Amino acid sequence: MANIEVIMGDITTQKVDAIVNAANSTMLGGGGVDGAIHRAAGRELYEECLKVPEGPGGRCPRGQCVVTGAGRLPCKKVIHTVGPVYGGGAGDAKVLGDCYRNCLVAAEREGIESMAFPNISTGVYGYPLREAAEVAINAVREILPKTPSVKLVRFVCFNRENYQIYEELLKR
Ligand code: ADP
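Residues numbered from 1 in each chain as written. Predicted model: local features only at pLDDT ≥ 70, side-chain atom pairs only at ≥ 80, totals over all residues. Heavy atoms only, no water.

Undergrad: Provide a residue-level description of the site of the ligand, including the pertinent values.
TA: Neighbouring the ligand are 15 residues, the closest being Asp10, Val33, Ser121, Thr122 and Gly123. The backbone of Ile11 places a nitrogen or oxygen atom 3.0 Å from a nitrogen atom of the ligand. Between the ligand and Val124 there is a distance of 3.0 Å, counted from an oxygen atom to a backbone nitrogen or oxygen. Computed on the free molecule, the ligand has an accessible area of 570 Å², of which 90% lies beneath the protein chains in the complex. No other element matches helix H1 (residues 32-41), which puts 3 residues into the shell around the ligand. Tallied by class, the residues present in the shell around the ligand amount to 7 nonpolar, 7 polar and 1 charged. (Near = heavy atom within 4 Å. Polar contact = N/O pair within 3.5 Å; in protein donor to acceptor, adjacent residues only side chain to side chain. Areas by Shrake-Rupley, 256 points an atom, 1.4 Å probe, with all protein chains shown as cover. Helix = DSSP H or I, 4+ residues; strand = E, 2+ residues; numbered from the N terminus. Nonpolar A, V, L, I, M, F, W, Y, C, P; charged D, E, K, R; others polar.)

Here it is as structure tokens:
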């Protein structure tokens, strides 16, 4: 069974096979972690994203993911996923859980052994931190037995509050 760990840090510096980007459906960058990843990765990543065909839900529909190269980042791949905008409805947790599950399924397909997740939807998308962490951890624990190539999942928290929540929940 894979290791699940939490650190406080910047996802753009993680030396893992793949980092996950909390993108938006255009996949062309934005604020928060998306902006940080595109700044650090450079033009190559942007151009690769531009080539992803646009469907009805944009380049990447909510809850789905798209794998690209990583430009100048120290990882090998970026898995772009689009989280839900928190509205308080029952569908939010399903879509957020789908993000984590689909990223792990994509990682398995790519033969990825180590990956890092940001706290998807907890920035401008407004998902309450504890609820989002519970969904994230449950989804990862649920799918990991089906993605045996993935040996390490690292949650990268950008602030202490998120870090403490993950630390507490991962002990359970
Ligand atoms: P969303 O639109 O999915 O809410 P945001 O980028 O606004 O995405 O926020 C998602 C999470 O990413 C937030 O918890 C934010 O603090 C965190 N974050 C922002 N920059 C970084 C970074 N460089 N590394 C890791 N996490 C980051």
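Anyway, onward from the coordinates.
Undergrad: Go over the pairing of strand S6 (residues 152-157) with me, naming the residues and quoting the values.
TA: Judged by how many residues are buried, S6 sits mostly within the fold: 6 of 6 residues are covered. Burial of the side chains of S6 extends over both faces: Leu152, Arg154 and Val156 are buried on one face and Val153, Phe155 and Cys157 on the other. Sheet topology note: the strand S1 (residues 3-8)/S6 ladder contains 6 bridges and is parallel. The residue bridging Met8 from the neighbouring strand is Cys157, located in S6. Bridging between strand S5 (residues 114-117) and S6 involves 4 bridges; their strand directions are parallel. Bridge assignment links Met115 to a residue of S6, and that residue is Val153. For the handedness criterion, the β-α-β arrangement of S5, helix H4 (residues 129-143) and S6 is classed as right-handed. (Buried < 20%, exposed > 50% of the residue type's maximum accessible area, 1.4 Å probe, protein only. Pairing = 2+ DSSP bridges. Right-handed = clockwise from strand over helix to strand, strands pointing away.)

Undergrad: Lay out the nonpolar core in plain terms, naming residues and giving numbers.
TA: Grouped together as the largest cluster of nonpolar side chains are 38 residues, with contacts concentrated most on Ile79, Tyr100, Leu104, Met115, Phe117, Phe155 and Tyr166. Sorting the residues of this core by element identifies strand S2 (18-22), helix H3 (91-110), S5, H4, S6 and helix H5 (160-170) as the ones contributing at least two each. For Tyr100, the residues in contact, after removing those within four places along its chain, are Phe117, Pro118, Asn119, Ile120, Ala136, Ala139, Val140, Phe155 and Tyr166. Counting 19 residues, the second largest nonpolar core, distinct from the first, contains Met27, Leu45, Cys75 and Val82. (Core = buried A, V, L, I, M, F, W, Y, C linked by side-chain atoms within 4.5 Å. Contact = heavy atoms within 4.5 Å.)

Undergrad: So what's going on with the side chain of Asn119? Residues and values would help.
TA: Turning to its location among the elements, Asn119 is positioned in the loop between S5 and H4. Owing to a relative accessible area of 11%, Asn119 belongs among the buried residues under this scheme. With near-sequence residues (within four places) excluded, Asn119 lies in contact with Tyr100, Val156, Cys157, Phe158, Asn162 and Tyr166.

Undergrad: Any details on the packing of aromatic side chains? Residues and values, ideally.
TA: Inspection of every chain in the model, using the stated rule, returns 5 aromatic pairs. Consider the rings of Tyr100 and Phe117, whose centres lie 4.8 Å apart with planes at 40°: the pair is tilted. Taken as a pair, Tyr100 in helix H3 and Phe117 in strand S5 lie far apart in primary sequence, 17 residues in all. Each member of the pair, Tyr100 together with Phe117, is buried. An aromatic cluster is built from Tyr100, Phe117, Phe155 and Tyr166, whose rings are joined through pairwise contacts. (Phe/Tyr/Trp six-rings, centres within 6.5 Å; stacked < 30°, edge-to-face > 60°.)

By themselves, these are just geometric observations and shouldn't be taken as functional.
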